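Observations on the model geometry
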Amino acid sequence: MGSCSTRGKPERSNTEAADRMSEGDSTGESIHGKASVIGSFFGGIGQVYQSWLDKSTPFSAVRWGTTLLLTAIYMIRVYLLQGWYIVTYALGIYHLNLFIAFLSPKVDPSLLDDMDEGPTLPTKQNEEFRPFIRRLPEFKFWHSATKGIVIAMICTFFEAFNVPVFWPILVMYFIMLFCITMKRQIKHMIKYRYIPFTHGKRTYKGKDDTGKTFAS
């Protein structure tokens with residue numbers, strides 16, 4: 001009798017261990033299943049967002065018009081709330097950095113040893129046409145600027161970001177910083193002789209055919 005009872009205990013313990021393992025596997029599968037569903041959900045949102053960005057690429061006027069409208073809405077909101085000036089100041093500094101990167105060439109001419117190989121525009125008529133390559137392309141400039149406005153708008157709904165500050169000092173400091181930064185950028189453009197805009201390659205038109213015929 002004792003031997004039978006001792007034999008049944010290992011079998012029962014093995015069965016309990018198997019049940020625990022099966023329960024753990026089912027729990028892990030449920031967790032991984034939830035994670036995969038959440039990941040697929042956000043992945044689908046990212047794909048839709050990217051598709052809309054790709055469709056809006058050729059419509060630069062519409063894109064920038066929407067950004068200006070969002071900027072106006074944000075400024076009106078800040079004016080009515082009479083707060084969140086530090087968020088507005090940070091947004092202005094961020095946009096200023098984006099604008100400087102938009103005006104700057106992809107490769108800084110000051111870092112090149114031979115200036116003839118730099119990304120400058122031709123200064124003579126017989127030189128090869130070289131389009132200006134920006135450090136920050138126009139589409140990325142617009143996308144980053146718009147995201148900055150949306151994030152600043154979201155911050156205005158949280159009181160924690162409403163840091164009390166004397167806003168005229170921020171305005172004066174931003175104007176001074178803008179003037180100093182743009183002066184440095186203009187000096188850089190004059191020194192290395194480049195223009196941050198591509199006007200297109202010049203084409204030459206031949207003589208017009210008069211349509212006159214000569215009798216033999």
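The shown structure was predicted, so the numbers you read here are calculated from the model rather than taken from an experiment. (Residues numbered from 1 in each chain as written. Predicted model: local features only at pLDDT ≥ 70, side-chain atom pairs only at ≥ 80, totals over all residues. Heavy atoms only, no water.)

**Brief notes about the overall build of the protein**
To keep it simple, the criterion reads: Helix and strand assignments come from DSSP, with helices taken as H or I runs of at least 4 residues and strands as E runs of at least 2, each series counted from the N terminus. Buried residues are those whose accessible area, probed at 1.4 Å on protein chains only, stays under 20% of the maximum for their type, while exposed residues exceed 50% and partly exposed ones sit between those limits. Residue burial considers only the protein chains on display, and all accessible areas are found by Shrake-Rupley using a 1.4 Å probe.
Counting secondary structure elements, the protein contains 5 helices and 0 strands. Secondary structure elements of the protein occur, N-terminal to C-terminal, as α-α-α-α-α. When the 216 residues of the protein are sorted by exposure, 23% land in the buried category. A total of about 16,800 Å² of accessible surface is found on the protein, and carbon and sulfur atoms cover 65% of it.

**Digging into a nonpolar patch on the surface**
To keep things clear, this is the line we draw: Patch membership needs two things, relative accessible area over 30% and no salt bridge, and members are linked within 9 Å if like-charged or within 5 Å if nonpolar (Val, Leu, Ile, Met, Phe, Trp, Tyr). Between Lys or Arg on one side and Asp or Glu on the other, a salt bridge is scored when a side-chain nitrogen of the former is within 4 Å of a carboxyl oxygen of the latter.
Where nonpolar side chains cluster on the molecular surface, the patch consists of Val150, Ile154, Phe157, Phe158 and Phe161 and spans about 500 Å² of accessible area. Among the residues examined, Phe157 registers a relative accessible area of 57% and is labelled exposed.

**Points about the packing of helix α3 (residues 85–103) against helix α4 (residues 138–155)**
Selection criterion: Geometry is summarised by axes, namely lines fitted to C-alpha atoms with helices restricted to the contacting stretch, and by angles between N-to-C directions that run from 0 to 180 degrees. Any angle from 65 to 115 degrees is called roughly perpendicular, while one under 35 is roughly parallel, one over 145 is roughly antiparallel, and all others are oblique. Any two residues having at least one pair of non-hydrogen atoms within 4.5 Å are treated as being in contact. Polarity classes work like this: nonpolar for Ala, Val, Leu, Ile, Met, Phe, Trp, Tyr, Cys and Pro, charged for Asp, Glu, Lys and Arg, and polar for all others, with Gly in that last group.
Look at α3 against α4: their axes get within 10 Å of each other, and the N-to-C directions meet at 175 degrees. If you check the angle between α3 and α4, you find them roughly antiparallel. Within the contact between the two elements, α3 uses Val87, Leu91, Tyr94, His95, Leu98, Phe99 and Phe102 and α4 uses Glu138, Phe141, Ser144, Ala145, Gly148, Ile149, Ala152 and Cys155. Among the residues forming the contact of α3 with α4, the class breakdown is 11 nonpolar, 3 polar and 1 charged.

**Description of the UniProt feature "transmembrane region" (unreviewed entry) in the protein**
The line we're drawing: UniProt positions are given in the numbering used here, feature names are shortened, and annotations may be inferred rather than shown by experiment.
Sites flagged by UniProt as "transmembrane region" (unreviewed entry) map to residues 61–80, 86–103 and 165–182. Helix and strand shares over residues 61–80 are 100% and 0% respectively, and the end C-alpha atoms of the span are 29 Å apart. Counted over residues 165–182, helix gives 89% and strand 0%. Its end C-alpha atoms are 26 Å apart.

**Re α3**
Selection rule: The span expected for a helix works out to 1.5 Å for each residue beyond the first.
Helix length check: α3, at 19 residues, gives a terminal C-alpha distance of 27 Å against a target of 27 Å (1.5 Å per residue), a fit within 8%. Of all the positions in α3, only Tyr85, Val87, Tyr89, Leu91, Gly92, Ile93, Leu96, Leu98, Ile100, Ala101, Phe102 and Leu103 are classed as buried. Where α3 is buried, its residues touch α2 (60–81), α4 and α5 (167–192).

**Focus on the packing of α2 against α4**
Packed helices, taken two at a time, are described by their axes: the angle between them and the distance between them. Definition in use: Handedness of each helix crossing follows the sense of rotation of the near helix against the far helix: counterclockwise by less than a right angle gives left-handed, clockwise gives right-handed.
Where α2 meets α4, the axes come as close as 10 Å, and the angle between the chain directions of the two elements is 25 degrees. Compared by their axis directions, α2 and α4 come out roughly parallel. Here α2 runs over α4; the crossing is left-handed. Residue-level inspection shows Ser60, Arg63, Trp64, Thr67, Leu70, Thr71, Ile73, Tyr74 and Arg77 of α2 in contact with α4, the latter providing Glu138, Phe139, Phe141, Trp142, Thr146, Ile149, Val150, Ala152 and Met153. For the contact of α2 with α4, the per-class residue count stands at 11 nonpolar, 4 polar and 3 charged.

**With respect to unusual backbone geometry**
Positioned with a positive phi, Trp84 is a non-glycine residue whose angle comes to about 60 degrees. Taking the relative accessible area as the measure of exposure, Trp84 reaches 7% and is therefore buried. Within the chain, Arg193 stands out as a residue other than glycine whose phi angle is a positive 55 degrees. By the element assignment, Arg193 lies in the segment after α5.

**So, the packing of aromatic side chains**
As a reminder, the rule being used: Pairs were defined over the aromatic rings of Phe, Tyr and Trp, the Trp ring being its six-membered one, requiring ring centres within 6.5 Å. Orientation was assigned from the angle between planes: stacked under 30 degrees, edge-to-face over 60, tilted for the rest.
Across all of its chains, the model carries 7 aromatic pairs by this definition. Ring plane angle 40 degrees and centroid distance 6.5 Å describe the contact between Phe99 and Phe141, whose orientation is recorded as tilted. With a gap of 42 residues between them, Phe99 in helix α3 and Phe141 in helix α4 connect regions that are remote in the sequence. Arranged with centres 5.0 Å apart and planes meeting at 25 degrees, the rings of Phe102 and Phe141 form a pair that is stacked. Taken together, the residues span a long stretch of sequence, with Phe102 in helix α3 and Phe141 in helix α4 at a distance of 39 residues. The two residues Phe102 and Phe141 agree in class, both being buried.

**Some points on the side chain of Ser56**
As for its placement among the helices and strands, Ser56 is situated in the loop between α1 (2–55) and α2. Residue Ser56 is classed as buried on the basis of its relative accessible area of 17%. Beyond its immediate stretch of four places on either side in the chain, Ser56 contacts Arg63, Phe139 and Trp142.

**Re the pattern of salt bridges**
Any two side chains of opposite charge can pair, on the condition that their charged atoms come close. In the structure shown here, the tally under the stated rule is 1 salt bridge. Its salt-bridge partner being Glu138, residue Arg63 comes within 3.2 Å of it at the nearest N-O pair. With a gap of 75 residues between them, Arg63 in helix α2 and Glu138 in helix α4 connect regions that are remote in the sequence. For Glu138, a relative accessible area of 27% corresponds to the partly exposed category.

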